[in-house]
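Descriptive structure summary
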Amino acid sequence: MVVATFQPICSHNKSSFFSLSHFLSFKTVMELDLLSFPVFSTLVVSVLFILTLWKISKCSSLNLPPQPWKLPFIGNLHQLVSSPPHIAMRDLAVKYGPLMHLQLGEVPTVVVSSPDMAKEVMKTHDLIFASRPPIIATRIISYDSKNMSFAPYGDYWRQLRKIFALELLSAKRVASFNPIREEEMGNLIKFISSRAGKTFSLPFEQTQQDYRQSVI
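Everything numeric here is computed off the predicted structure, so don't read it as measured data. Chains are numbered independently. Their residues run from 1 in the order of the written sequence. Predicted model: local features are reported for residues with pLDDT of at least 70 only, side-chain atom pairs are reported and counted for 80 or more only, and whole-chain, interface and lining totals are derived from all residues. Excluding hydrogens and water, the side-chain figures rest on all heavy atoms present in the structure.

1. Remarks on the packing of aromatic side chains
Put simply, two rings from Phe, Tyr or Trp (the six-membered ring, in Trp's case) pair if the centres are within 6.5 Å, and we call them stacked under 30 degrees between planes, edge-to-face over 60, tilted for the rest. Tallied over the entire structure, the rule returns one aromatic pair. Ring centres 5.6 Å apart and planes at 45 degrees place the aromatic pair tyrosine 153 and tryptophan 157 in the tilted group. Two conditions define a charge located above a ring, namely a distance within 6 Å from the ring centre to NZ of Lys or CZ of Arg, and an angle within 35 degrees of the ring normal. Note that lysine 146 overlies the ring of tyrosine 156, its terminal NZ or CZ placed 5.6 Å from the centroid. Its end group placed over the ring of tyrosine 153, arginine 158 keeps NZ or CZ at 5.3 Å from the ring centre.

What follows is the structure in structure tokens.
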């Protein structure tokens, strides 16, 4: 009886020991998680603070136009939400001049708000501002900005424009698509006339898009 009774007691003690060890291990992991969360949060905040200081020091070395005070991460976006953007920029231009620098999130932006400055940007120094800013989305959808809309200004863009002008937009090429345009316009007129006397919706933008795609 002693042996028979001793074996269950040992099993119970063993299972109790494992349960206790599992509890202690779980408790230790939870304590480590609770301790590591503030450490991780402090590390993230420190890295973001260092990056912000690095960007500020980098921008301060540039000869930028006057700029309103800005906040970390959002820049000057908070100054454009109290009123419509064109009115807010007008008010800022009255205070900071016709050429000012705004930080819209992570995007540095130069705002021009006078005819003289616009002439300097769009005519006198137009080649400097001819290229579009590099954006990840445009690089993806345009094969690393290789199409005419998003390619940077230079020899490659001028070659693309030459191809467009001679091969796609010449008078002869445009005239060659005239039968297709007439056919698609006739289909659109037939579609509208077939619903005469009926109430139906004809979205203008969608109709234009369908017509362009049919012609192309």
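There's more to say after this.
2. A word on the confidence of the model for the protein
Any region with low pLDDT has predicted coordinates that should not be read closely. The quantity called pLDDT is the predictor's confidence in a given residue, expressed from 0 to 100. Mean pLDDT for the protein: 76, with 72% of residues reaching 70 or above. Pairs of residues are marked as contacts when any of their non-hydrogen atoms sit within 4.5 Å. Overall, residues 1-24 carries pLDDT values under 50, and its contacts beyond four positions in sequence, including any with other chains, amount to zero contacts.

3. Details of the layout of surface pockets
If you add up the space inside the largest pocket, you get close to 640 Å³. If you list the elements that add at least two residues to the lining of the largest pocket, you get strand E1 (99-104) and strand E2 (107-112). A run of DSSP states H or I qualifies as a helix once it reaches four residues; a run of E qualifies as a strand once it reaches two. Both are numbered from the N-terminal end. Considering every element that reaches the lining of the largest pocket, the biggest residue donor is E2, with five residues. Throughout this entry, Asp, Glu, Lys and Arg are counted as charged residues, while Ala, Val, Leu, Ile, Met, Phe, Trp, Tyr, Cys and Pro are counted as nonpolar. The remaining residues, Gly among them, count as polar. Here the lining of the largest pocket is composed, by residue class, of 15 nonpolar, three polar and one charged. Cavity: a set of points on a 1 Å grid over the protein atoms alone where a 1.4 Å probe fits but cannot get out. Pocket: an open set with protein on both sides within 12 Å along at least five of seven lines, its lining residues, like those of a cavity, having an atom within 4 Å of a point. Grid points are joined across faces, edges and corners, and a volume is the space filled by probe spheres set on the points.

4. Some thoughts on a nonpolar patch on the surface
Candidates for patches are residues over 30% relative accessible area with no salt bridge; among them, like charges are joined within 9 Å and nonpolar side chains (Val, Leu, Ile, Met, Phe, Trp, Tyr) within 5 Å. In this description, accessible areas are obtained by the Shrake-Rupley approach with a 1.4 Å probe, and a residue is regarded as covered only by the protein chains that are shown. In what follows, salt bridge is the name for a side-chain nitrogen of Lys or Arg lying within 4 Å of a carboxyl oxygen of Asp or Glu. There is a patch of nonpolar side chains on the surface, built from Trp69, Leu71, Phe73, Ile74 and Leu77 and spanning about 480 Å² of accessible area. Note that tryptophan 69 resides in the loop between helix H1 (2-60) and helix H2 (85-96).

5. Structural notes on the pattern of salt bridges
For the coordinates displayed, the defined rule picks out three salt bridges. The residue aspartate 144 makes a salt bridge to arginine 139 at a minimum N-O spacing of 3.2 Å. To sort residues, take the accessible area from a 1.4 Å probe on protein chains only and compare it with the maximum for the residue type: under 20% means buried, over 50% means exposed, and anything in between is partly exposed. Taking the relative accessible area as the measure of exposure, aspartate 144 reaches 41% and is therefore partly exposed. Judged by relative accessible area, arginine 139 falls into the partly exposed class, the value being 44%. Ionic pairing is found between arginine 158 and aspartate 155, a salt bridge with its closest N-O pair at 2.2 Å. Here arginine 158 and its partner aspartate 155 are both found in helix H5 (residues 155-168), three residues apart, which amounts to about one turn of the helix.

6. With respect to unusual backbone geometry
Phi is mostly negative for residues that are not glycine, and the peptide bonds are mostly trans. Even without glycine at this site, phenylalanine 73 takes up a positive phi of about 75 degrees. Relative to the assigned elements, phenylalanine 73 resides in the loop between H1 and H2. Of note in the backbone geometry, aspartate 144 takes a positive phi value of approximately 60 degrees without being a glycine. The residue aspartate 144 is located in the loop between helix H4 (136-141) and H5 in this model.

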